[in-house]
Amino acid sequence: MEGPVVAVEGCLPVTTGDEPQGGDALRLRLLIVESNQLFRECLAAALGALPEFAAVEEAADFQGALDRLDRCPVEVMLVGLEPRDSALRLIREVNHRAPQVSMLVLGAAEAGEDAVQLLEAGARGYLFRQQSLGELRSAIRGVARGETICAPRVTHLLFSRLSELGRERRRAEKLDFLNLTARELEILRLIADGLSNQEIAERLFLSVHTVKNHVHNILETLGVNGRWNAVHYAHARGWLEERRRSRS
């Protein structure tokens with residue numbers, strides 16, 4: 001019996017003799033982008049023998065990948081380019097040209113922050129080259145369904161990155177808070193209580209002109225338009241709730 005035929009020169013179907021059961025079974029078109037020819041061809045042969053792939057295409061570099069993608073649209077792109085900058089450039093370009101393509105990176109276990117950057121650029125998953133063919137097969141199906149698939153170490157890095165972004169956001173919000181003077185915070189809280197400029201002036205024994213200047217400074221510091229936008233901004237960051245809790 002003849003072995004599997006893998007489409008590498010044209011958009012030809014893969015024939016394996018082991019087709020999925022049922023006419024509605026999803027059969028994916030896959031593009032492998034890998035500069036190492038032996039590794040690329042071995043992957044193409046192994047994946048092309050599986051029943052879920054309708055076609056397996058190959059490309060050795062950035063331009064080859066774009067040319068192949070133009071001629072033969074695919075659902076999933078497996079990216080194994082080195083160095084990282086080449087993979088990053090390809091992922092960004094494909095994400096721009098063909099956002100419907102799910103990209104899965106096959107990279108080094110020691111990639112660290114590089115893996116996070118590739119995912120931030122638009123890749124849907126990151127697996128290590130040391131992982132098994134079965135894990136790769138499952139990951140390809142997962143990203144085709146819109147899932148994000150990562151090796152556990154990369155998942156840990158992603159959560160660390162999310163925590164870092166959260167800390168940065170909280171620091172930025174705190175700086176916004178600190179950039180307002182004590183008087184401006186007081187006026188912002190009175191605005192939230194529904195007081196007009198005239199009422200605030202009477203409450204704080206200030207001129208209406210002075211209150212208006214403070215309100216202008218508040219809006220400029222927070223980068224918002226309108227008194228109530230400033231109040232919503234402060235509510236979203238918990239500044240006003242903190243004051244009310246401290247009163248109780």
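Residues numbered from 1 in each chain as written. Predicted model: local features only at pLDDT ≥ 70, side-chain atom pairs only at ≥ 80, totals over all residues. Heavy atoms only, no water.

### Notes on the packing of aromatic side chains
Part 1 of the reasoning: Applying the stated criterion across every chain, the model contains one aromatic pair.
Part 2 of the reasoning: Consider the rings of Tyr126 and Phe128, whose centres lie 6.0 Å apart with planes at 75°: the pair is edge-to-face.
Part 3 of the reasoning: Between the NZ or CZ atom of Arg89 and the centre of the ring of Phe62, over which it lies, the distance is 3.7 Å. (Phe/Tyr/Trp six-rings, centres within 6.5 Å; stacked < 30°, edge-to-face > 60°. Lys NZ or Arg CZ within 6 Å of the ring centre and 35° of its normal.)

### Examining the packing of helix H1 (residues 37-48) against helix H5 (residues 133-144)
Part 1 of the reasoning: Orientation of H1 relative to H5, taken along the N-to-C sense of each, is 70°, at an axis distance of 11 Å. Judged by the angle between their axes, H1 and H5 are roughly perpendicular. When H1 is examined against H5, the residues Leu43, Ala46 and Leu47 are found in contact with a partner set consisting of Leu133, Leu136 and Ile140.
Part 2 of the reasoning: Its residues assigned to classes, the contact of H1 with H5 shows six nonpolar, no polar and no charged. (Axes fitted to C-alpha atoms, helices over the stretch in contact; angles between N-to-C directions. Helix = DSSP H or I, 4+ residues; strand = E, 2+ residues; numbered from the N terminus. Parallel < 35°, antiparallel > 145°, perpendicular 65-115°, else oblique. Contact = heavy atoms within 4.5 Å. Nonpolar A, V, L, I, M, F, W, Y, C, P; charged D, E, K, R; others polar.)

### Comments concerning the nonpolar core
A general tendency of soluble globular proteins is for nonpolar side chains to be buried together.
Part 1 of the reasoning: In this structure, Val33, Met77, Leu90, Val94 and Val101 are the most contacted members of the largest nonpolar core, which totals 30 residues.
Part 2 of the reasoning: Secondary structure elements with two or more residues in this core: strand E1 (28-33), helix H2 (62-71), strand E3 (76-79), helix H3 (84-97), strand E4 (102-107), helix H4 (113-121) and strand E5 (125-128).
Part 3 of the reasoning: At five residues, the largest contribution of residues to this core is made by H3.
Part 4 of the reasoning: Residues within four places of Val94 in sequence aside, it is in contact with Leu66, Leu69, Met77, Pro99, Val101 and Met103. (Core = buried A, V, L, I, M, F, W, Y, C linked by side-chain atoms within 4.5 Å. Buried < 20%, exposed > 50% of the residue type's maximum accessible area, 1.4 Å probe, protein only.)

### Overview of the pattern of salt bridges
Part 1 of the reasoning: A complete count under the given rule lists 10 salt bridges for this structure.
Part 2 of the reasoning: Glu93 serves as the salt-bridge partner of Arg97, at 2.7 Å between the closest nitrogen and oxygen. Placement of both Arg97 and Glu93 in helix H3 is noted, with a separation of four residues, approximately one turn of the helix.
Part 3 of the reasoning: Owing to a relative accessible area of 45%, Arg97 belongs among the partly exposed residues under this scheme.
Part 4 of the reasoning: A single salt-bridge network, built from bridges that share partners, covers Glu52, Arg137 and Arg141. (Salt bridge = Lys/Arg side-chain N within 4 Å of Asp/Glu carboxyl O.)

### Considering the pairing of strand E2 (residues 53-59)
For a regular strand, side chains alternate in direction, first toward one face of the sheet and then toward the other.
Part 1 of the reasoning: Most of E2 sits out of view: seven of its seven residues are buried.
Part 2 of the reasoning: Taken together, the six bridges between E1 and E2 define a ladder with parallel strand orientation. Paired with Val33 across the strands is Ala59, a residue of E2. (Pairing = 2+ DSSP bridges.)

### Observations concerning the sheet that holds E4
Part 1 of the reasoning: The sheet built from six strands is open, its strands ordered E2-E1-E3-E4-E5-E6 with parallel pairing. Across the chains shown, the open sheet's two edge strands, defined by having one partner strand only, are E2 and strand E6 (149-150).
Part 2 of the reasoning: Of the pairings in the sheet, the one linking E3 to E4 comprises four bridges and is parallel in character. Bridge pairing in E4 places Leu78 opposite Leu104.
Part 3 of the reasoning: Contacts from H2 reach E1, E2 and E3, with the element oriented near 145° to E2.

### Observations concerning the confidence of the model for the protein
In low-pLDDT segments, the atomic positions of the prediction should not be examined closely.
Part 1 of the reasoning: Across the protein, the average pLDDT comes to 79, with 75% of residues at 70 or higher.
Part 2 of the reasoning: Per-element mean pLDDT across the protein ranges from 52 in helix H11 (residues 239-247) up to 96 in E3.
Part 3 of the reasoning: Predicted confidence is poor over residues 1-24, with pLDDT under 50, and the contacts of this stretch with residues over four places away or in other chains come to 48 contacts.
Part 4 of the reasoning: Below pLDDT 50 for its whole length, residues 242-248 participates in five contacts with residues either more than four positions away or in separate chains. (pLDDT = per-residue confidence, 0-100.)

### Regarding unusual backbone geometry
Part 1 of the reasoning: A positive phi angle is found at Phe205, which is not glycine, with a value near 60°.
Part 2 of the reasoning: Secondary-structure assignment places Phe205 in the loop between helix H8 (197-204) and helix H9 (208-222).

### Focus: the environment of Gly223
Part 1 of the reasoning: You can see Gly223 is positioned in the loop between H9 and helix H10 (227-236).
Part 2 of the reasoning: Among the residues examined, Gly223 registers a relative accessible area of 65% and is labelled exposed.
Part 3 of the reasoning: Measuring from C-alpha to C-alpha, the distance between Gly223 and Tyr233 comes to 9.7 Å, with 10 residues separating the pair along the chain.

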